[in-house]
Amino acid sequence: MFLAPFVGKWARKSVSTAISATSFIVFLIFDFLDIVFCIIYRYLDKLFEGKPSPCYCGDRREIQRSMGDDEDSELSETLYGRTNVFRQIRFLGFGRNSENRKKSFGGGSGIRIWSDCGCESCVSWMKDGGQNLHVVVKEPSTGAASENCHGDVTENVIFLHGFISSSSFWTETVFPNLSEPVKRNYRLFAVDLLGFGRSPKPRDCYYTLRDHLEMIEKSVINPFQLKSFHIVAHSMGCNISIALAAKYWHCVKSVTLVAPPYISSSKEEASFTALHKLAGKRLWPPLLFCSSFMSWYEHLGRCVCLFVCRNHRIWERILKLLTWGRDLHFMIMDMTKHTHHSAWHSMHNVLCGGAKFQEKMLENLMKDGVKICVIQGDNDKVIPLECGKNIKSKVPNVEISIISNAGHLNVIMGREKDFTRDLELIWASFADTE
(Lines give C-alpha, C1' and ligand atoms only; values in the text may rest on other atoms or scores of the structure.)
Protein backbone atom coordinates (compact mmCIF):
# COMPACT_ATOMS: atom_id res chain seq x y z
CA MET A 1 0.00 0.00 0.00
CA PHE A 2 2.84 2.36 0.89
CA LEU A 3 4.46 1.89 -2.56
CA ALA A 4 1.22 2.26 -4.53
CA PRO A 5 1.47 6.08 -5.09
CA PHE A 6 5.09 5.76 -6.27
CA VAL A 7 4.23 2.88 -8.63
CA GLY A 8 1.34 4.86 -10.09
CA LYS A 9 3.53 7.93 -10.57
CA TRP A 10 6.25 5.84 -12.20
CA ALA A 11 3.72 4.19 -14.54
CA ARG A 12 2.31 7.54 -15.65
CA LYS A 13 5.79 8.90 -16.25
CA SER A 14 6.74 5.80 -18.24
CA VAL A 15 3.64 6.07 -20.42
CA SER A 16 4.29 9.78 -20.99
CA THR A 17 7.90 9.08 -21.97
CA ALA A 18 6.84 6.31 -24.36
CA ILE A 19 4.28 8.58 -26.03
CA SER A 20 6.82 11.40 -26.36
CA ALA A 21 9.42 9.04 -27.87
CA THR A 22 6.89 7.60 -30.32
CA SER A 23 5.73 11.09 -31.29
CA PHE A 24 9.32 12.22 -31.88
CA ILE A 25 10.05 9.24 -34.14
CA VAL A 26 6.80 9.58 -36.12
CA PHE A 27 7.24 13.30 -36.79
CA LEU A 28 10.94 12.80 -37.59
CA ILE A 29 9.86 10.38 -40.32
CA PHE A 30 7.36 12.97 -41.56
CA ASP A 31 10.14 15.59 -41.63
CA PHE A 32 12.16 13.31 -43.90
CA LEU A 33 9.23 12.42 -46.16
CA ASP A 34 8.24 16.07 -46.58
CA ILE A 35 11.71 16.86 -47.88
CA VAL A 36 11.60 13.89 -50.27
CA PHE A 37 8.18 14.87 -51.66
CA CYS A 38 9.35 18.45 -52.09
CA ILE A 39 11.88 17.15 -54.62
CA ILE A 40 9.32 14.83 -56.24
CA TYR A 41 6.75 17.62 -56.71
CA ARG A 42 9.42 19.98 -57.99
CA TYR A 43 10.13 17.64 -60.89
CA LEU A 44 6.50 16.64 -61.48
CA ASP A 45 5.37 20.26 -61.65
CA LYS A 46 8.18 21.03 -64.09
CA LEU A 47 7.24 18.00 -66.18
CA PHE A 48 3.50 18.73 -66.37
CA GLU A 49 3.40 22.54 -66.12
CA GLY A 50 6.76 23.69 -67.47
CA LYS A 51 8.16 25.01 -64.20
CA PRO A 52 8.32 23.90 -60.56
CA SER A 53 5.88 25.52 -58.14
CA PRO A 54 7.62 27.55 -55.41
CA CYS A 55 7.32 26.26 -51.85
CA TYR A 56 8.48 27.28 -48.39
CA CYS A 57 11.32 24.79 -47.97
CA GLY A 58 14.15 27.18 -48.77
CA ASP A 59 16.32 29.18 -46.42
CA ARG A 60 14.11 31.06 -43.98
CA ARG A 61 15.98 34.38 -44.25
CA GLU A 62 16.03 34.27 -48.05
CA ILE A 63 12.31 33.57 -48.20
CA GLN A 64 11.59 36.37 -45.72
CA ARG A 65 13.62 38.85 -47.78
CA SER A 66 12.11 37.78 -51.12
CA MET A 67 8.56 38.04 -49.81
CA GLY A 68 9.16 41.39 -48.17
CA ASP A 69 7.82 40.07 -44.88
CA ASP A 70 7.82 42.25 -41.77
CA GLU A 71 5.96 42.40 -38.48
CA ASP A 72 2.96 44.14 -40.10
CA SER A 73 2.72 41.70 -43.00
CA GLU A 74 -0.36 39.51 -43.17
CA LEU A 75 1.82 36.61 -44.35
CA SER A 76 2.36 34.26 -41.46
CA GLU A 77 5.86 33.46 -40.25
CA THR A 78 4.68 29.88 -39.84
CA LEU A 79 4.74 29.43 -43.62
CA TYR A 80 8.52 29.44 -43.73
CA GLY A 81 9.47 29.14 -40.06
CA ARG A 82 8.20 25.63 -39.33
CA THR A 83 11.04 23.51 -37.97
CA ASN A 84 12.24 20.51 -39.96
CA VAL A 85 15.33 18.66 -38.80
CA PHE A 86 16.44 17.69 -42.29
CA ARG A 87 15.89 21.16 -43.71
CA GLN A 88 17.94 22.68 -40.91
CA ILE A 89 20.92 20.47 -41.71
CA ARG A 90 20.43 21.27 -45.43
CA PHE A 91 19.72 17.64 -46.22
CA LEU A 92 19.76 16.97 -50.00
CA GLY A 93 20.88 20.54 -50.61
CA PHE A 94 17.94 22.33 -49.01
CA GLY A 95 18.17 26.02 -48.37
CA ARG A 96 17.92 26.67 -52.10
CA ASN A 97 17.51 30.09 -53.59
CA SER A 98 14.00 31.49 -53.36
CA GLU A 99 14.49 34.63 -55.43
CA ASN A 100 11.42 36.13 -57.12
CA ARG A 101 9.22 33.86 -55.04
CA LYS A 102 6.56 36.44 -54.48
CA LYS A 103 6.19 37.26 -58.17
CA SER A 104 6.13 33.67 -59.33
CA PHE A 105 4.07 32.01 -56.62
CA GLY A 106 1.34 29.85 -58.10
CA GLY A 107 2.09 30.67 -61.71
CA GLY A 108 -1.46 31.68 -62.64
CA SER A 109 -4.96 32.25 -61.36
CA GLY A 110 -6.39 28.83 -62.25
CA ILE A 111 -5.87 25.34 -60.86
CA ARG A 112 -2.85 23.04 -61.09
CA ILE A 113 -3.80 21.06 -64.17
CA TRP A 114 -2.35 17.73 -63.07
CA SER A 115 -2.85 17.71 -59.30
CA ASP A 116 -6.10 19.66 -58.77
CA CYS A 117 -9.52 18.38 -59.75
CA GLY A 118 -10.79 19.78 -63.04
CA CYS A 119 -14.39 18.54 -62.88
CA GLU A 120 -17.21 20.94 -63.73
CA SER A 121 -18.15 21.42 -60.09
CA CYS A 122 -14.59 22.28 -59.01
CA VAL A 123 -13.89 24.79 -61.80
CA SER A 124 -17.34 26.37 -62.12
CA TRP A 125 -15.96 29.55 -60.50
CA MET A 126 -13.70 30.10 -63.51
CA LYS A 127 -16.63 30.61 -65.90
CA ASP A 128 -17.28 34.17 -64.70
CA GLY A 129 -13.61 34.95 -64.22
CA GLY A 130 -13.64 34.21 -60.50
CA GLN A 131 -14.78 37.73 -59.66
CA ASN A 132 -17.11 36.96 -56.78
CA LEU A 133 -17.67 34.50 -53.97
CA HIS A 134 -20.47 31.98 -54.07
CA VAL A 135 -23.16 33.31 -51.74
CA VAL A 136 -26.44 31.67 -50.75
CA VAL A 137 -28.98 34.45 -50.14
CA LYS A 138 -32.17 33.74 -48.23
CA GLU A 139 -34.52 36.65 -48.81
CA PRO A 140 -37.39 37.52 -46.44
CA SER A 141 -40.64 35.71 -47.15
CA THR A 142 -42.41 36.99 -50.27
CA GLY A 143 -44.60 39.96 -49.56
CA ALA A 144 -43.78 39.92 -45.87
CA ALA A 145 -40.45 41.76 -45.71
CA SER A 146 -40.48 44.35 -42.98
CA GLU A 147 -38.88 47.56 -44.26
CA ASN A 148 -37.82 50.80 -42.67
CA CYS A 149 -38.40 54.28 -44.05
CA HIS A 150 -35.44 53.94 -46.42
CA GLY A 151 -36.82 50.77 -47.97
CA ASP A 152 -34.12 48.57 -46.45
CA VAL A 153 -34.77 45.05 -45.22
CA THR A 154 -35.03 45.23 -41.42
CA GLU A 155 -32.07 42.98 -40.59
CA ASN A 156 -29.15 41.40 -42.47
CA VAL A 157 -26.99 38.53 -41.24
CA ILE A 158 -23.68 37.36 -42.76
CA PHE A 159 -22.64 33.75 -42.01
CA LEU A 160 -18.99 32.69 -42.29
CA HIS A 161 -18.01 29.03 -42.12
CA GLY A 162 -14.86 27.43 -40.71
CA PHE A 163 -11.88 25.58 -42.16
CA ILE A 164 -12.55 22.90 -44.83
CA SER A 165 -16.24 23.79 -44.94
CA SER A 166 -18.70 25.85 -46.99
CA SER A 167 -21.96 27.78 -46.84
CA SER A 168 -23.72 24.41 -46.48
CA PHE A 169 -22.63 24.41 -42.84
CA TRP A 170 -25.25 27.12 -42.26
CA THR A 171 -27.84 26.38 -44.93
CA GLU A 172 -28.18 22.79 -43.67
CA THR A 173 -28.28 23.61 -39.95
CA VAL A 174 -29.57 27.11 -39.21
CA PHE A 175 -31.65 28.03 -42.26
CA PRO A 176 -34.17 25.15 -41.96
CA ASN A 177 -34.84 25.96 -38.28
CA LEU A 178 -35.57 29.67 -38.45
CA SER A 179 -38.73 30.95 -36.82
CA GLU A 180 -41.45 32.58 -38.91
CA PRO A 181 -40.73 36.14 -37.67
CA VAL A 182 -37.08 35.79 -38.69
CA LYS A 183 -38.04 34.33 -42.07
CA ARG A 184 -40.25 37.37 -42.66
CA ASN A 185 -37.85 40.06 -41.49
CA TYR A 186 -34.29 38.88 -41.98
CA ARG A 187 -32.14 38.58 -45.09
CA LEU A 188 -29.42 35.95 -44.64
CA PHE A 189 -26.13 35.57 -46.51
CA ALA A 190 -24.22 32.28 -46.24
CA VAL A 191 -20.80 32.76 -47.84
CA ASP A 192 -18.40 30.25 -49.37
CA LEU A 193 -15.11 31.79 -48.26
CA LEU A 194 -12.36 32.41 -50.81
CA GLY A 195 -10.72 29.07 -51.65
CA PHE A 196 -13.58 26.88 -50.38
CA GLY A 197 -16.88 25.46 -51.60
CA ARG A 198 -17.93 26.89 -54.96
CA SER A 199 -15.97 30.13 -54.54
CA PRO A 200 -12.83 31.03 -56.56
CA LYS A 201 -9.60 29.19 -55.70
CA PRO A 202 -6.90 31.25 -57.47
CA ARG A 203 -3.27 30.14 -57.30
CA ASP A 204 -1.89 33.70 -57.43
CA CYS A 205 -3.32 34.49 -54.01
CA TYR A 206 -1.98 34.16 -50.46
CA TYR A 207 -5.45 33.94 -48.84
CA THR A 208 -4.68 36.55 -46.20
CA LEU A 209 -7.26 38.24 -44.01
CA ARG A 210 -7.25 41.16 -46.44
CA ASP A 211 -7.91 38.86 -49.41
CA HIS A 212 -10.90 37.30 -47.63
CA LEU A 213 -12.29 40.69 -46.56
CA GLU A 214 -12.00 42.20 -50.03
CA MET A 215 -13.93 39.32 -51.55
CA ILE A 216 -16.69 39.55 -48.93
CA GLU A 217 -16.95 43.28 -49.66
CA LYS A 218 -17.13 42.66 -53.43
CA SER A 219 -19.60 39.79 -53.16
CA VAL A 220 -21.90 40.78 -50.30
CA ILE A 221 -21.52 44.19 -48.66
CA ASN A 222 -21.16 46.35 -51.78
CA PRO A 223 -23.56 44.69 -54.25
CA PHE A 224 -26.32 44.39 -51.65
CA GLN A 225 -25.57 47.83 -50.21
CA LEU A 226 -25.57 46.64 -46.62
CA LYS A 227 -25.75 49.53 -44.16
CA SER A 228 -26.06 47.34 -41.07
CA PHE A 229 -25.70 43.65 -40.37
CA HIS A 230 -25.09 40.92 -37.82
CA ILE A 231 -22.22 38.44 -38.23
CA VAL A 232 -22.21 34.75 -37.27
CA ALA A 233 -19.00 32.76 -37.67
CA HIS A 234 -17.58 29.36 -36.79
CA SER A 235 -13.93 28.40 -36.11
CA MET A 236 -11.59 29.94 -38.74
CA GLY A 237 -14.45 32.17 -39.87
CA CYS A 238 -14.27 33.88 -36.47
CA ASN A 239 -10.86 35.37 -37.33
CA ILE A 240 -12.29 36.79 -40.54
CA SER A 241 -15.43 38.04 -38.77
CA ILE A 242 -13.38 39.92 -36.16
CA ALA A 243 -11.45 41.65 -38.96
CA LEU A 244 -14.70 42.37 -40.82
CA ALA A 245 -16.33 43.80 -37.69
CA ALA A 246 -13.25 45.92 -36.94
CA LYS A 247 -13.45 47.47 -40.41
CA TYR A 248 -17.24 47.91 -40.43
CA TRP A 249 -17.74 48.60 -36.71
CA HIS A 250 -20.25 51.37 -37.53
CA CYS A 251 -22.42 48.86 -39.46
CA VAL A 252 -22.18 45.80 -37.21
CA LYS A 253 -25.02 45.17 -34.76
CA SER A 254 -23.67 41.97 -33.24
CA VAL A 255 -20.91 39.41 -33.74
CA THR A 256 -21.51 35.80 -32.72
CA LEU A 257 -18.32 33.75 -32.52
CA VAL A 258 -18.76 29.97 -32.35
CA ALA A 259 -15.60 28.16 -31.20
CA PRO A 260 -13.31 31.15 -31.85
CA PRO A 261 -9.58 30.30 -32.19
CA TYR A 262 -8.35 33.31 -30.24
CA ILE A 263 -4.86 32.80 -28.79
CA SER A 264 -3.59 35.42 -26.36
CA SER A 265 0.06 36.18 -27.11
CA SER A 266 2.46 39.00 -27.98
CA LYS A 267 2.33 40.14 -31.61
CA GLU A 268 5.86 38.86 -32.26
CA GLU A 269 5.01 35.33 -31.09
CA ALA A 270 1.32 35.17 -31.99
CA SER A 271 1.63 33.19 -35.25
CA PHE A 272 3.76 30.40 -33.80
CA THR A 273 1.76 30.34 -30.57
CA ALA A 274 -1.40 29.82 -32.61
CA LEU A 275 0.23 27.04 -34.64
CA HIS A 276 1.41 25.17 -31.54
CA LYS A 277 -1.89 25.64 -29.69
CA LEU A 278 -4.19 24.72 -32.58
CA ALA A 279 -2.03 22.22 -34.46
CA GLY A 280 0.86 21.18 -32.24
CA LYS A 281 2.75 18.00 -33.16
CA ARG A 282 0.63 15.46 -31.32
CA LEU A 283 -0.45 11.92 -32.12
CA TRP A 284 -3.60 12.02 -30.00
CA PRO A 285 -6.47 12.75 -30.27
CA PRO A 286 -6.84 11.84 -33.98
CA LEU A 287 -8.40 15.18 -34.97
CA LEU A 288 -5.42 17.09 -33.59
CA PHE A 289 -3.02 14.67 -35.26
CA CYS A 290 -4.69 15.39 -38.62
CA SER A 291 -4.47 19.13 -37.94
CA SER A 292 -0.78 18.94 -37.12
CA PHE A 293 -0.02 16.73 -40.13
CA MET A 294 -1.74 19.07 -42.58
CA SER A 295 -0.36 22.25 -40.97
CA TRP A 296 3.31 21.32 -40.54
CA TYR A 297 3.98 19.36 -43.73
CA GLU A 298 3.39 21.32 -46.91
CA HIS A 299 4.19 18.50 -49.35
CA LEU A 300 2.67 15.61 -47.39
CA GLY A 301 -0.49 17.69 -47.13
CA ARG A 302 -0.41 18.11 -50.88
CA CYS A 303 -0.21 14.31 -51.18
CA VAL A 304 -3.43 14.01 -49.16
CA CYS A 305 -5.18 16.59 -51.36
CA LEU A 306 -3.93 14.84 -54.49
CA PHE A 307 -5.22 11.49 -53.25
CA VAL A 308 -8.53 12.68 -51.76
CA CYS A 309 -9.59 15.97 -53.38
CA ARG A 310 -8.27 15.27 -56.87
CA ASN A 311 -10.22 11.98 -56.90
CA HIS A 312 -13.26 13.08 -54.91
CA ARG A 313 -15.72 11.80 -57.54
CA ILE A 314 -14.31 8.28 -57.17
CA TRP A 315 -14.56 8.42 -53.36
CA GLU A 316 -18.10 9.78 -53.56
CA ARG A 317 -19.17 6.90 -55.82
CA ILE A 318 -17.57 4.36 -53.46
CA LEU A 319 -19.30 5.87 -50.44
CA LYS A 320 -22.65 5.90 -52.23
CA LEU A 321 -22.24 2.23 -53.04
CA LEU A 322 -21.42 1.47 -49.41
CA THR A 323 -24.45 3.44 -48.21
CA TRP A 324 -26.87 1.92 -50.76
CA GLY A 325 -27.17 5.07 -52.83
CA ARG A 326 -28.00 7.47 -50.02
CA ASP A 327 -27.13 11.14 -50.39
CA LEU A 328 -23.81 11.87 -48.75
CA HIS A 329 -23.67 14.16 -45.74
CA PHE A 330 -22.84 17.74 -46.73
CA MET A 331 -19.73 17.74 -44.52
CA ILE A 332 -18.27 14.81 -46.45
CA MET A 333 -18.85 16.71 -49.70
CA ASP A 334 -17.32 19.90 -48.28
CA MET A 335 -14.10 18.17 -47.24
CA THR A 336 -12.90 18.02 -50.86
CA LYS A 337 -14.08 21.44 -52.05
CA HIS A 338 -10.74 23.20 -51.82
CA THR A 339 -7.25 23.03 -53.27
CA HIS A 340 -4.12 22.39 -51.27
CA HIS A 341 -2.95 25.90 -52.11
CA SER A 342 -6.12 27.55 -50.78
CA ALA A 343 -6.36 25.43 -47.63
CA TRP A 344 -2.62 25.65 -46.81
CA HIS A 345 -2.48 29.43 -47.08
CA SER A 346 -5.80 30.01 -45.31
CA MET A 347 -4.65 27.85 -42.42
CA HIS A 348 -1.39 29.76 -42.00
CA ASN A 349 -2.36 33.29 -43.02
CA VAL A 350 -5.81 33.41 -41.38
CA LEU A 351 -5.57 31.13 -38.34
CA CYS A 352 -1.89 31.74 -37.55
CA GLY A 353 -0.97 35.00 -39.26
CA GLY A 354 -4.30 36.57 -38.33
CA ALA A 355 -3.52 35.98 -34.65
CA LYS A 356 -1.03 38.89 -34.85
CA PHE A 357 -3.85 41.38 -35.33
CA GLN A 358 -6.68 39.96 -33.23
CA GLU A 359 -5.74 41.64 -29.96
CA LYS A 360 -5.69 45.12 -31.48
CA MET A 361 -8.91 44.46 -33.38
CA LEU A 362 -10.71 43.28 -30.23
CA GLU A 363 -9.52 46.36 -28.35
CA ASN A 364 -10.96 48.57 -31.09
CA LEU A 365 -14.25 46.65 -31.10
CA MET A 366 -14.52 47.13 -27.33
CA LYS A 367 -13.89 50.88 -27.69
CA ASP A 368 -16.46 51.08 -30.48
CA GLY A 369 -19.06 49.26 -28.39
CA VAL A 370 -19.61 46.37 -30.82
CA LYS A 371 -21.64 43.58 -29.21
CA ILE A 372 -19.80 40.25 -29.14
CA CYS A 373 -21.19 36.86 -28.09
CA VAL A 374 -19.11 33.68 -27.79
CA ILE A 375 -20.55 30.17 -27.96
CA GLN A 376 -18.31 27.17 -27.32
CA GLY A 377 -18.60 23.54 -26.29
CA ASP A 378 -16.87 22.43 -23.10
CA ASN A 379 -15.63 19.29 -24.89
CA ASP A 380 -14.04 21.02 -27.88
CA LYS A 381 -10.88 19.09 -28.84
CA VAL A 382 -9.93 21.47 -31.66
CA ILE A 383 -10.22 24.93 -30.10
CA PRO A 384 -9.12 25.09 -26.44
CA LEU A 385 -11.81 26.28 -24.05
CA GLU A 386 -9.40 28.96 -22.88
CA CYS A 387 -9.88 30.79 -26.20
CA GLY A 388 -13.31 32.04 -25.19
CA LYS A 389 -12.01 33.03 -21.78
CA ASN A 390 -9.15 34.91 -23.42
CA ILE A 391 -11.66 36.99 -25.39
CA LYS A 392 -13.57 37.68 -22.18
CA SER A 393 -10.39 38.95 -20.53
CA LYS A 394 -9.77 41.25 -23.50
CA VAL A 395 -13.41 42.38 -23.92
CA PRO A 396 -15.03 42.24 -20.45
CA ASN A 397 -18.57 42.90 -21.71
CA VAL A 398 -18.54 39.91 -24.10
CA GLU A 399 -21.29 37.35 -23.47
CA ILE A 400 -20.05 33.76 -23.21
CA SER A 401 -22.22 30.66 -23.44
CA ILE A 402 -20.53 27.32 -22.68
CA ILE A 403 -22.50 24.33 -23.97
CA SER A 404 -22.17 21.18 -21.88
CA ASN A 405 -20.93 17.98 -23.56
CA ALA A 406 -20.54 19.76 -26.90
CA GLY A 407 -17.50 19.58 -29.18
CA HIS A 408 -16.18 21.64 -32.05
CA LEU A 409 -18.92 20.65 -34.49
CA ASN A 410 -21.76 19.39 -32.32
CA VAL A 411 -21.90 22.73 -30.55
CA ILE A 412 -24.19 23.30 -33.56
CA MET A 413 -24.84 19.95 -35.22
CA GLY A 414 -27.21 17.75 -33.27
CA ARG A 415 -28.66 20.78 -31.51
CA GLU A 416 -29.57 22.87 -34.54
CA LYS A 417 -32.92 24.06 -33.17
CA ASP A 418 -31.48 25.17 -29.85
CA PHE A 419 -28.57 26.88 -31.55
CA THR A 420 -30.86 28.72 -33.97
CA ARG A 421 -33.06 29.90 -31.08
CA ASP A 422 -29.95 31.21 -29.33
CA LEU A 423 -28.96 33.13 -32.45
CA GLU A 424 -32.42 34.64 -32.82
CA LEU A 425 -32.35 35.82 -29.20
CA ILE A 426 -28.96 37.46 -29.80
CA TRP A 427 -30.17 39.21 -32.95
CA ALA A 428 -33.38 40.38 -31.30
CA SER A 429 -31.53 41.79 -28.27
CA PHE A 430 -29.27 43.90 -30.49
CA ALA A 431 -31.63 44.52 -33.40
CA ASP A 432 -32.50 48.06 -32.40
CA THR A 433 -29.06 49.16 -31.23
CA GLU A 434 -27.35 51.88 -33.22
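It should be noted that the structure appears before, not after, this text.
The paragraphs below set out a description of the structure included in this document. (Residues numbered from 1 in each chain as written. Predicted model: local features only at pLDDT ≥ 70, side-chain atom pairs only at ≥ 80, totals over all residues. Heavy atoms only, no water.)

**Points about the layout of surface pockets**
- Each pocket or cavity is described by its volume, and for the largest pocket that value is around 1000 Å³.
- In this structure, the largest pocket is lined by 33 residues; those nearest its centre are Phe-163, Ile-164, Leu-287, Cys-290 and Ser-291.
- Elements with a contribution of two residues or more to the lining of the largest pocket: α11 (270-279), α12 (286-296), α13 (298-308), α15 (330-334) and α16 (340-352).
- If you tally residues by element for the lining of the largest pocket, the top one is α12, at 6 residues.
- Grouping the amino acids of the lining of the largest pocket by side-chain chemistry returns 23 nonpolar, 9 polar and 1 charged. (1 Å grid on protein atoms, 1.4 Å probe; cavity = no way out; pocket = protein on both sides within 12 Å on 5 of 7 lines; lining within 4 Å. Points joined across faces, edges and corners; volume = space filled by probe spheres on them. Helix = DSSP H or I, 4+ residues; strand = E, 2+ residues; numbered from the N terminus. Nonpolar A, V, L, I, M, F, W, Y, C, P; charged D, E, K, R; others polar.)

**Focus on the packing of aromatic side chains**
- The full count for this structure, using the stated rule, is 22 aromatic pairs.
- Seen from their ring centres, Phe-169 and Trp-170 are 5.1 Å apart, and the 85° between their planes marks the pair as edge-to-face.
- Seen in terms of ring centroids, Phe-289 and Phe-293 are 6.3 Å apart; in terms of plane orientation they differ by 40°. Their pairing is tilted. Here Phe-289 pairs with Phe-293, and both are found in helix α12, just 4 residues apart, close to one helical turn.
- On the basis of relative accessible area, Phe-289 is assigned to the partly exposed category, the value being 23%.
- Every member of this aromatic cluster is reached through a ring pair, and the members are Phe-159, Phe-169, Trp-170, Phe-175, Tyr-186, Phe-419 and Trp-427.
- Geometry around Tyr-41 places Arg-302 over its ring, the cationic atom sitting 4.3 Å from the centre. (Phe/Tyr/Trp six-rings, centres within 6.5 Å; stacked < 30°, edge-to-face > 60°. Buried < 20%, exposed > 50% of the residue type's maximum accessible area, 1.4 Å probe, protein only. Lys NZ or Arg CZ within 6 Å of the ring centre and 35° of its normal.)

**With respect to the sheet that holds strand β1 (residues 135-138)**
- Strand order in this open sheet of 7 strands is β1-β3-β2-β4-β5-β6-β7, and the pairing throughout is mixed. Each of the sheet's edge strands pairs with one partner strand only, and the pair in question is β1 and β7 (399-403). Adjacent strand axes in the sheet meet at a mean angle of 15°, parallel and antiparallel pairs treated alike.
- The sheet contact formed by strand β2 (residues 155-160) and strand β4 (residues 229-234) spans 4 bridges and is parallel. By the bridge assignment, Ile-158 is partnered in β4 with Ile-231.
- Running at roughly 155° to strand β5 (residues 252-258), helix α19 (residues 416-430) makes contact with β2, β3 (186-191), β4, β5, β6 (372-377) and β7 of the sheet. (Pairing = 2+ DSSP bridges. Axes fitted to C-alpha atoms, helices over the stretch in contact; angles between N-to-C directions. Contact = heavy atoms within 4.5 Å.)

**Some words on the side chain of Ser-254**
- Here Ser-254 is to be found in strand β5.
- Here His-230 takes part through its side chain, which lies 2.7 Å from a polar atom of the side chain of Ser-254.
- Not counting residues within four places of it along the chain, the set of residues in contact with Ser-254 comprises Phe-229, His-230, Ile-231, Lys-371, Ile-426, Trp-427 and Phe-430. (Polar contact = N/O pair within 3.5 Å; in protein donor to acceptor, adjacent residues only side chain to side chain.)

**Quick word on the pairing of β4**
- Within β4, 6 of the 6 residues are buried, which leaves the element mostly enclosed by the surrounding structure.
- Side-chain alternation along β4 places Phe-229, Ile-231 and Ala-233 on one buried face and His-230, Val-232 and His-234 on a second face that is also buried.
- The β-α-β motif built from β4, the intervening helix α10 (residues 236-247) and the parallel element β5 has right-handed crossover chirality. (Right-handed = clockwise from strand over helix to strand, strands pointing away.)

**Here we look at a nonpolar patch on the surface**
- A surface patch of nonpolar side chains, amounting to about 740 Å² of accessible area, comprises Val-304, Phe-307, Val-308, Ile-314, Trp-315, Ile-318, Leu-319, Leu-322 and Ile-332.
- Mapped by element, the contributors of at least two residues to the nonpolar patch are α13 and α14 (312-322).
- Here the nonpolar patch takes 5 residues from α14, the largest share from any one element.
- Assignment of secondary structure puts Ile-332 in helix α15.
- A residue is classified by how much of its surface remains accessible, and Ile-332, at 38% relative accessible area, is partly exposed. (Patch = residues over 30% accessible without salt bridge, like charges linked within 9 Å, V, L, I, M, F, W, Y side chains within 5 Å. Areas by Shrake-Rupley, 256 points an atom, 1.4 Å probe, with all protein chains shown as cover. Salt bridge = Lys/Arg side-chain N within 4 Å of Asp/Glu carboxyl O.)

**As for the pairing of β5**
- Among the 7 residues of β5, 7 are classified as buried, and the element is accordingly described as predominantly covered.
- As paired strands, β4 and β5 are joined by 6 bridges and run parallel to one another. Paired with Ala-233 across the strands is Leu-257, a residue of β5.
- Judged from the 4 bridges that link them, β5 and β6 form a sheet pairing that is parallel. Paired with Val-255 across the strands is Ile-372, a residue of β6.

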